[in-house]
Amino acid sequence: MTGTVTHDPPPAAPGRQGRPLIVTEDTELLDDLLRLCAAAGATPEVRHSLPRGRGSWESAPLVLVGDDAARRVRGATRRRGVVLVGRDQDDSGVWRRAVEIGADHVLVLPDGEQWLVDRIADVAEGVGRPALTVGVIGGRGGAGASTLACALAVTSAREGLRTLLVDADPLGGGLDVLLGGETAQGLRWPAFAASRGRVGGGALEESLPELHALRVLSWDRGDRVAVPPQAVRAVLAAARRRGGTVVVDLPRRVDDGVAEVLAQLDVGLLVVPAELRAVAAAGRVASAVGMVLKDVRVAVRGPYAPGLDDREVARLLGLPLVGEVPVEPVLLRPDGGRTPPGAAARGPLARFCKEFWERALAEVGSG
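In this text the structure is predicted, and so the values were computed from the model without any measurement.

Rules used throughout
- Residues numbered from 1 in each chain as written.
- Predicted model: local features only at pLDDT ≥ 70, side-chain atom pairs only at ≥ 80, totals over all residues.
- Heavy atoms only, no water.
- Helix = DSSP H or I, 4+ residues; strand = E, 2+ residues; numbered from the N terminus.
- Expected span 1.5 Å × (residues − 1).
- Buried < 20%, exposed > 50% of the residue type's maximum accessible area, 1.4 Å probe, protein only.
- Contact = heavy atoms within 4.5 Å.
- Pairing = 2+ DSSP bridges.
- Axes fitted to C-alpha atoms, helices over the stretch in contact; angles between N-to-C directions.

S.K.: For this particular structure, what's the right way to read helix α5 (residues 145-158)?
M.R.: Over its 14 residues, α5 runs 20 Å from end to end, which matches the ideal 20 Å to within 8%, given 1.5 Å per residue. The element α5 is extensively covered by neighbouring structure, given that 11 of its 14 residues are classed as buried. Three or more residues of α5 are buried, namely Ala145, Leu148, Ala149, Cys150, Ala151, Leu152, Ala153, Val154, Thr155, Ser156 and Ala157. Immediately downstream of α5, the backbone of Gly160 shows phi near 90°, a positive value.

Take a look at the structure:
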């Protein structure tokens, strides 16, 4: 059981990591709390009573007070992020004691264990604003969605943002190949197939290949391994908790795993070549994607068929227009196959991506 007394504890400020503080003399309760901290990847400070003077009580990102210690901390400075933890489901007096010490939450073990593990992991990781998460999907095959996804990620990293590029298409050949890093050391999707519950954001980031100042979660070249939807959900949620930006290259089919990705996106970009058959195909893709993701926008790619321009394509699809995706000349050269999309900072594709991020981040900041 968990319950809110006043308000939810705020998430830790970006980059604010610290040790949770445990205050209790109950050895059995302490064993449980230490076990839960270990599961969340945190090493707590343990006290039997209120720490003397100003210090860990005020600075700890999270304070776990055993019900046995409520009386001993009654005179402590009021602060947010205090959880009163007990064991007796039938003790109605726990709510009174929580109010007396200014606790945000009352939690009774074992029912509230998962909530507490998640909360401890949040403060251990220094969780702040979640990553701006953008999905890119082709209106038809060969639309250039993977190229745009890579260019967006490369541009984001060049602008100094923590960036993760996720390949959500197991049949796409691997975005690490497109970035020239198929032999780079690090984990690929099959390693996360058994993931359940919560995945540590920091551990995820450190385990992935680093290419062009960004992290990449792609597929290997072995036999296809099915990644269950719950694993997809856990991995992407961990990626978002790290902040910065996450770019996802999506397949054109919407199965249960892709639906899990769509549910966590902030914006979807539908890449549509400016030809009538592509517009017709994109309409079906947009309809399927729009059942889960409400913010879908159109990025049009030339050359244009007679009677079409980017605004007309957007009008036919009934979706907001992001703009025209420019051609990157260096990618067309015979020797440009190993040049990552968007790598030329002054190139037209990089400029398009930079302008997109500036607008999207401004929207997040004003929201």
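Here the narrative resumes, following the displayed structure.
S.K.: I keep staring at the environment of Ile120 and nothing clicks. Help me out?
M.R.: Within the secondary structure, Ile120 sits in helix α4 (residues 113-125). On the basis of relative accessibility, which here comes to 0%, the residue Ile120 falls in the buried class. Considering only alpha carbons, one finds Ile120 and Arg297, 177 residues apart in sequence, at a separation of 37 Å. When residues no more than four places from it in sequence are discounted, the contact partners of Ile120 are Pro20, Leu36, Cys37, Ala40, Ala42, Leu62 and Leu64.

S.K.: Would you explain the sheet that holds strand β9 (residues 210-211) in this entry?
M.R.: Pairing between the strands of a sheet is mediated by backbone hydrogen bonds and can be parallel or antiparallel. Pairing is mixed in the open sheet, where 8 strands are placed in the order β9-β10-β8-β11-β7-β12-β13-β14. The open sheet terminates on both sides in strands that have one partner only, identified here as β9 and β14 (321-325). As paired elements, strand β8 (residues 163-167) and strand β11 (residues 245-250) share 5 bridges and run parallel to each other. Paired with Asp167 across the bridge in β11 is Asp249. Running at roughly 170° to β11, α5 makes contact with β7 (132-138), β8, β10 (214-217), β11, β12 (267-273), β13 (296-301) and β14 of the sheet.

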